[in-house]
Structure formats: C-alpha cells, structure tokens
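# Summary of structural features
One-letter residues, chain by chain:
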Amino acid sequence: MTEGQEGAAAAASDDLLAQSWGRLSAALVAGADAEAFSGGEAAAANSRHLARQLVMALQGQLEHGDPAHPTFHRYEEPWVPWGGPNPDNVYLRAPIDPTATYRVWADVAGVRELIVSLVEGDMHLGAFGVWSERTLGELEVGADGSLELWVSPDEHEGNWLKTEPGATQLLIRQYQVDWEADRVATFHIENQATVGVPPPGPTADGVAAALDRATAWVQASMTFWRDYVEGARGAMTHNAFGPPNTPPGGAPNIAYGGGWWELGPDEALVITHDVPDADYWGWTVHHRWRMDSGDFADRLTSTNAAQTHVDPDGRVRLVLAHADPGTVNWIDTQAEPEGLLVYRYVGTRTRPVPEAEVVALVDVADHLPSDHPRVDEPARRDQLARRRRAALARYQ
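Within every chain, residues take consecutive numbers counted from 1 along the sequence as written. Thresholds applied to this predicted model are a pLDDT of at least 70 for local features of residues and 80 or more for the giving and counting of side-chain atom pairs; totals over whole chains, interfaces and linings are not thresholded and use all residues. Where side-chain values are given, they derive from all heavy atoms of the structure, hydrogens and water being excluded.

### Comments concerning the overall build of the protein
Basically, it comes down to this: The helix and strand labels rest on DSSP assignments: H or I over at least four residues marks a helix, E over at least two residues marks a strand, and numbering proceeds from the N terminus. Only C-alpha atoms enter the radius of gyration, while the globule expectation follows 2.2 Å times N to the 0.38, with N the number of residues. For every residue, the accessible area obtained with a 1.4 Å probe (protein chains only) is divided by the maximum for its type, and the residue is called buried under 20%, exposed over 50%, and partly exposed between those limits. Whether two residues touch is decided by their heavy atoms; if any such pair falls within 4.5 Å, the residues are in contact. All accessible-area figures derive from a Shrake-Rupley calculation using a 1.4 Å probe, and residue coverage is judged against the displayed protein chains alone.
When helices and strands are counted, the protein shows 4 helices and 17 strands. For the protein, the C-alpha radius of gyration of 23 Å lies close to 21 Å, the compact-globule estimate for 396 residues. Counting only C-alpha atoms and orienting by the principal axes, one finds that the protein spans roughly 85 × 55 × 40 Å. For the protein, buried positions account for 49% of its 396 residues. Pairs at least 24 apart in sequence give 75% of the contacts found in the protein among residues at least 6 apart. Just so you have it, the protein exposes about 17700 Å², and 52% of that area is on carbon and sulfur atoms.

The structure is reproduced here in structure tokens:
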C-alpha cells in the first residue's frame, strides 16, 4: 500500500468512527429530551439512568461482545441497573456462537441457588426466546463444590446445555438471599476453538459497529422499559396486587406478580400474604420511567425470605411508605409518589396472592399485630449499614 493509499484508508477509518460517535451522541441528546427528563429531581434520576444504560451498552458491545473470545459481563450492579433487576441476584452473561462449544466452570460451594439459561437476547430488542435452562439442583456438582458445564450444539458428557440456532447469550443468575452469608461464585468461560489464542486487536470497522450496536441498545432499552412501566401503570389496579405468572422472555422457573402503588406523603400501603412454599421469594421496587430497583445497596427497596419477619400466625406483613414507619418490614419508595412493586416466587409449589390496604402513615401500627416488631432509628441505621456492606462486598 502506497503512502497515499495508507492516508486515504486512515481518513476513511476516522470518518467511519466519527459517524458512529455522531449517531451515539445524537441518540443521547434525543433521549434526554424525552418527557421523562423534565422536572427537577426526576430529571436528574432519569438522566443518571440514561448514562448508566450507556455504560452497560458500551461494556456489553465493546468489552464483552465477542463469542469467539467470551468473557462474563457482570451487570445489574447498583450503579448499572437495567430491566427490573432483582437485588437478590448476581447476574452474569456472556455472548455465544450457537455452533461453537464452550466450557463453563466454577466453585459453587456455599452458593444457595443459581439458574443458568440460554437465551435469544434482550427483551427490549424483541428477543424473547429462552432455551436449555437449569437450576443448581439440576446440575451435577462435585463433593468439593466444583461445577463444569458444557454449552454446545452436540451432546456432551456431564452437565450439558444444548444450543439452538437462535441462542446468542448464556445467562447466570446467582441467588444471594442471606446477603451476609450466601457465597457468590466466580464463573469462567472458554470457547474450545480459541483456548490460548489471544483475540485480535480493535479495528475501525469493529469499533464503529460496536458503537452502533450500543446506540441501538440504549435507544431500544429506554423506550421499551418506559413503555413497559407505563403499560403496567395503566393496566394495573392501583394499590392492589394480581396473581403471579411468567411473562414472555422471563425465566420459566420464576413466577412474577406485582401492583402499582400510588401514595401520598402521609400514606402507607400495608401488604399481607401467606409465606409461599417456594425455593425463593422476594419483593422489589421498580421506579417509573426507569424500571430500576432503586438504590438497593443503600435503601430498603427490596426484601426477601431471609430478610423478612414472619408473624406468629404465619403471615408476612410489609409496609410500603415514603418515610420510615418504624416497622421491621419497611419497603422504601425513595419518596416516589407512584411506581411498580413486584414479587417473585422461584420454584414455587404455592402461589399466594398478596392483599393490600392504604392507611395513614401515623396509623400503621394499628393495622399490624401488637407483637409485630418495631425498629427505632439506631437499629435502622445499623440495618442499613449492614445491608450496604453486604451488597457492595459482592462486587469487590
């Protein structure tokens, strides 16, 4: 290649990258002009959410997007929420080529539960397929906690997930129910055709394509989850809860239920339900516009079977409120006047439907049993400090 040809090629590469950056910038500006980004504190939270979506998209497409040299992308961290995450899950995913063979391994000693799924892609991109799902109890694990899993189109001895032509991602959800005691495993993945072979360096075409995929990902995510939450807002009876079910694109082993809260600053929603006969159950706040789970490391925006007090009559009583009601099972709205509150049952044999009642915040105690535990300010601060330490320890 002559010096002139090299210069022309470099200029073309620069132009290609500049165009991709331009499309990404334009999409972010357009997104920040949407209805959700007007109005004080809500605009700040939604702007932060848009930036977080960009972080996740760029990580996924630029750093974890090569199925020939896959790496697990840890997502749904407190600072990168997307698509209604469960705060009791530690999420991993890796890209796969459905025609290739992958070895996945980890030491799962001390892990309470996990679900491994082969999926078509992301719901907001119209990819709802779920294939070859396994729970921890359905996998062979060594006496020392060693787990080895093969992912391939052809049958393999031992733990095997069969790929389908449409499968593009391997997802792993680990359940940390007792945040201070349940262990989180480190997973590894290798494409057997490229073990020990370094990936190629970046090219202008490859980076530009990744930037364009990230742009499309962010645009679709912001629109899909906004519309999803607004659809729930319009369809649900407010301050009430429907029966659980499994939505398209969700894990078949998980039943979801929910309701839309709408509360004044001096109101609370008292929620009562029987304890489900399930491998796991929990509750999570999801905020309007964003479908995030609140600042779950620092706030009580979720609770689960290990964290929730059950009254002597065998019933669970939760209090959803903007301010601390001084009760043991408080779920914090973060002062959001309305939003989505979701419950999840995993591996459930029963499906109790929660009951709910709006009461005055000052009268909450009158709607709970006399022996329902109270929590004073020092105890709450201790609870929140322990929660924060345990949550952040997952990601270190």
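### Description of the side chain of Thr303
The cut-off we apply is this: As used in this structure description, the phrase polar contact means that two N or O atoms lie within 3.5 Å; if the pair is within protein, one of them must be able to donate a hydrogen and the other to accept it, and residues adjacent in sequence are counted only when both atoms belong to side chains.
Structurally, Thr303 is set in strand β13 (residues 302-304). Within the local environment of Thr303, its side chain forms a polar contact with the side chain of Thr308, the two groups lying 2.7 Å apart. Setting aside chain neighbours within four positions, we find Thr303 in contact with Asp88, Gly282, Trp283, Thr308, Leu318 and Ile331.

### Things to note about the sheet that holds strand β6 (residues 146-152)
Applied cut-off: Two strands are said to pair when DSSP picks up at least two bridges between them. Note on geometry: axes are lines fitted to C-alpha atoms, helical ones only across the stretch in contact, with angles between N-to-C directions running from 0 to 180 degrees.
The sheet built from 4 strands is open, its strands ordered β7-β6-β3-β9 with mixed pairing. One side of each edge strand has no neighbouring strand; the edge strands of this open sheet are β7 (159-162) and β9 (188-191). Neighbouring strand axes in the sheet, compared pairwise and without regard to direction, differ in orientation by 20 degrees on average. Inspection of the sheet shows strand β3 (residues 102-107) paired to β9 by 4 bridges, in the antiparallel sense. Bridging from a neighbouring strand, Tyr102 pairs with Asn191 of β9.

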